[in-house]
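A structural walkthrough
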Amino acid sequence: MFTPEIHTILHAMMVRRMNFLISGATGSGKTTLLSSLLGLAGAQERLVLIEDASELDPGHAHVVRLESRHGNIEGKGVIGLRELVRESLRMRPDRLVVGECRGSEVRELLMALNTGHCGAGTLHANSADDVPARLEALGALAGMDGAATAAQVSSAVDVVVHLTRTAAGREVRELSLVQAAHGRLTTNRVLRHSAGRVNYGPGWPAFKARLEGGPETC
């Protein structure tokens, strides 16, 4: 799924406790990669996993699983991801993980990441450049305008890891920073993997500085 060079970078992201999203199309390996990365979390850390259906399997000793619940025939008893994200903050999570961001729960996740919690999640997007539009659409479902979404995401999410599915298999295609510019979200490419080579983009110096120095991000 990735070169040794990218493996080293992903490992360093976990050590530095960066907040990240894994994006990609259906079947690109988002859940598989997220599970593997979460398995690198320190043994003393508590992982709180929030999902519609339990799919993540991080192989970690300290995992709390929360699943949404559908209503009964009368529509009662519904417990959605949005409520679970709010309640999870009472559980002292060292890492808060939303298996897939697909609705208004993105607001609660971003608020949690902006108040000192570490976290991660997955997101459907056809390319890394599509991630800003996807996040803005989810923010709109939560009642946030583009400027509010841009401000929340740019301060909460350190990096987006984009996966793609090729004839040779699934692979990490790109890492990008998400930044706010004039009230809108934009991407700043950190690196791109193509034809067996890793090409670094304009976002690499800033990202490398986060990996190598300064305090932990959360």
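Up top you'll find the structure we're talking about.
A short tour of the structure in this document, coming up. Computed from a prediction, not measured in an experiment: that's the story for all the values here.

Before going further, it helps to examine helix α7 (residues 204-212). Side chains three or four residues apart in an α-helix point the same way, a direct result of the helix having 3.6 residues per turn. Of the positions making up α7, those classed as buried are Trp204, Phe207 and Leu211. Projected onto a plane normal to the axis of α7, the buried residues spread over an arc of 70 degrees and lie on a single side. Considering only its buried residues, α7 is in contact with α1 (4-15), β6 (159-166), β7 (169-181), β8 (184-194) and β9 (197-200).

Attention now goes to the layout of surface pockets. With a probe scaled to a water molecule rolled over the atoms, the places where space remains empty come into view. Estimates place the volume of the largest pocket at around 270 Å³. Lining the largest pocket are 17 residues, and of these Thr31, Glu55, Gly99, Glu100 and Arg102 lie nearest its centre. Secondary structure elements with two or more residues in the lining of the largest pocket: α2 (30-38), β2 (47-51) and β5 (118-124). In terms of residue class, the lining of the largest pocket is made up of three nonpolar, eight polar and six charged.

Within this structure, the stated rule accounts for zero disulfides. In this model Cys101 remains outside any disulfide bridge; the closest cysteine sulfur is found in Cys118, 16 Å from its own. Given the relative accessible area of 2%, Cys101 is considered buried.

This brings us to the sheet that holds β9. Read from one edge of the open sheet, nine strands run β3-β2-β4-β5-β1-β6-β7-β8-β9, paired in mixed fashion. With one partner strand each, in any of the chains shown, β3 (63-67) and β9 form the two edges of the open sheet. The mean inter-strand angle of the sheet, taken between neighbouring strand axes irrespective of direction, is 20 degrees. Both strand β1 (residues 20-24) and β5 contribute to a ladder of five bridges, which runs parallel. When the bridges of β5 are listed, Phe20 appears paired with Ala120. Against the sheet, α1 touches β1, β4 (95-98), β6, β7, β8 and β9, its axis set at about 55 degrees to β9.

We now examine helix α6 (residues 146-156). Residues Thr149, Ala150, Val153 and Ala156 constitute the buried set of α6. Each buried residue of α6 lies within a common arc of 155 degrees when the element is viewed along its axis, so the set occupies one face. Each element contacted by the buried residues of α6 is listed here: α4 (105-113), α5 (131-141), β7 and β8.

On to the packing of aromatic side chains, then. The full count for this structure, using the stated rule, is two aromatic pairs. Measuring from ring centre to ring centre gives 4.5 Å for Tyr200 and Trp204, while their planes differ by 50 degrees; the resulting arrangement is tilted. With relative accessibility at 19%, the residue Trp204 sits in the buried group. Summarising the aromatic geometry, the rings of Trp204 and Phe207 are spaced 6.2 Å apart at their centres and angled 45 degrees between planes, so their arrangement reads as tilted. In this pair, Trp204 and Phe207 are both assigned in helix α7, three residues apart and thus about one turn of the helix distant. There is no split in this pair, since Trp204 and Phe207 are both buried.

The rules behind the values
Residues numbered from 1 in each chain as written. Predicted model: local features only at pLDDT ≥ 70, side-chain atom pairs only at ≥ 80, totals over all residues. Heavy atoms only, no water. Buried < 20%, exposed > 50% of the residue type's maximum accessible area, 1.4 Å probe, protein only. Helix = DSSP H or I, 4+ residues; strand = E, 2+ residues; numbered from the N terminus. Arc of directions from axis to C-beta. Contact = heavy atoms within 4.5 Å. 1 Å grid on protein atoms, 1.4 Å probe; cavity = no way out; pocket = protein on both sides within 12 Å on 5 of 7 lines; lining within 4 Å. Points joined across faces, edges and corners; volume = space filled by probe spheres on them. Nonpolar A, V, L, I, M, F, W, Y, C, P; charged D, E, K, R; others polar. Disulfide = S-S within 2.5 Å. Pairing = 2+ DSSP bridges. Axes fitted to C-alpha atoms, helices over the stretch in contact; angles between N-to-C directions. Phe/Tyr/Trp six-rings, centres within 6.5 Å; stacked < 30°, edge-to-face > 60°.

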